[in-house]
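Architecture at a glance
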Amino acid sequence: SGLVSVDPKTGEVLWTFAHPYSTSTAASPVVGGKEGNIVYCSAGYQVGAAACKVTKDGGKWNVKGLWRTAKQNMSHWSTPVTKDGYIYGLFGHNTGTGPLACLDIETGDVKWSQKGFGSQGGIILLGDKLLVQTPKGDLVLVAASPDGFKELDRKNVLQGKNWTAPSYADGMIFARNSSQGEAKGEVVCTKLQGN
């Protein structure tokens, strides 16, 4: 039925925000904005995205819906990342051509959108850069800036089904795919220019 915030010690419900999830495959909520009190949520299957502002007045929590995009900005299951008031994510549903896009978390305005990334990969934030793993097995380094799409490096590292986010540790990128039929899943360790 939507987002639910609970007190971790008691389980008491602090606040709720309605969002029409239709299945269990939705992105995790993302918190950001100028004051760190905007919660963004999104789901595939023709649901879309929304954001709300959460404030507290004394002991009372208040939630105000800021924007909603029905059937747009859908995150199939890849959780977007946030930096300096902007959301960066892979959008679409079950598509190999879905865009990587930048949205203003407080207004929902699309700052830029670049097709061809696919909705089923994953994304992480590395300082001022985005590291994206596409469903086709490409690792792509992109500038995390609302000023426009800027690809910094790209390398195809895996074949098959690549439906996970990459990992990063000690200057190295780790990526994996899943097993398909007779083929076993693989893990690679690599670097990209500028990471």
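Quick note: structure is the one above.
A brief report on the enclosed structure follows. (Residues numbered from 1 in each chain as written. Predicted model: local features only at pLDDT ≥ 70, side-chain atom pairs only at ≥ 80, totals over all residues. Heavy atoms only, no water.)

Regarding the nonpolar core
Convention followed: Here, the term nonpolar core denotes a set of buried Ala, Val, Leu, Ile, Met, Phe, Trp, Tyr and Cys residues that are joined through side-chain atoms within 4.5 Å. Categorising residues by exposure relies on relative accessible area from a 1.4 Å probe, with only protein chains included: less than 20% of the type maximum marks a residue as buried, more than 50% marks it as exposed, and the intermediate range marks it as partly exposed. Numbering of helices and strands runs from the N terminus; a helix is a DSSP stretch of H or I covering at least four residues, while a strand is a stretch of E covering at least two. Residue contacts follow a heavy-atom distance rule, with two residues in contact if any of their heavy atoms lie within 4.5 Å.
Counting 14 residues, the largest nonpolar core has Tyr88, Leu100, Phe117, Ile123, Leu130, Val132 and Val142 as its most contacted members. Broken down by secondary-structure element, the contributors of at least two residues to this core are strand 8 (86-90), strand 9 (100-104), strand 12 (129-133) and strand 13 (138-143). For this core, the element with the most residues is strand 8, which contributes three residues. In this view, Leu130 contacts Val81, Tyr88, Ile123, Ile124, Leu125, Val140, Leu141, Val142, Ala143 and Ala144; residues no more than four positions away in its chain are not counted.

What about the environment of Gly85?
Turning to its location among the elements, Gly85 is positioned in the loop between strand 7 (81-83) and strand 8. Sequence separation between Gly85 and Gly108 is 23 residues; the distance between their C-alpha atoms is 11 Å. Ignoring anything within four residues of it in the chain, the contact list for Gly85 reads Gly33, Leu103, Asp104 and Ile105.

What about the sheet that holds strand 15 (residues 167-169)?
Hydrogen bonding along the main chain pairs the strands of a sheet, whether they run parallel or antiparallel. The criterion, for reference: Any two strands are treated as partners once DSSP identifies two or more bridges connecting them. As a rule, the C-alpha atoms of each element are fitted with a line to give its axis, helices using only the stretch in contact, and angles between N-to-C directions run from 0 to 180 degrees.
Strand order across the open sheet formed by three strands is 15-16-17, with antiparallel pairing between neighbours. With one partner strand each, in any of the chains shown, strand 15 and strand 17 (187-190) form the two edges of the open sheet. Each adjacent strand pair in this sheet contributes to an overall mean axis angle of 25 degrees, direction not counted. One ladder, built from three bridges, connects strand 15 with strand 16 (residues 172-176); its direction is antiparallel. Looking across to strand 16, one finds that Tyr168 is bridged to Ile173.

Brief notes about unusual backbone geometry
A positive phi angle, close to 50 degrees, is found at Asp84, a residue other than glycine. Tracing the chain through its elements places Asp84 in the loop between strand 7 and strand 8. Given a relative accessible area of 64%, Asp84 falls into the exposed group.

Describing the sheet that holds strand 8
Pairing within the open sheet is antiparallel, and its four strands lie in the order 7-8-9-10. The open sheet has two edge strands, strand 7 and strand 10 (110-114), and neither has a second partner. With direction set aside, neighbouring strand axes in the sheet form an average angle of 20 degrees. Inspection of the sheet shows strand 8 paired to strand 9 by five bridges, in the antiparallel sense.

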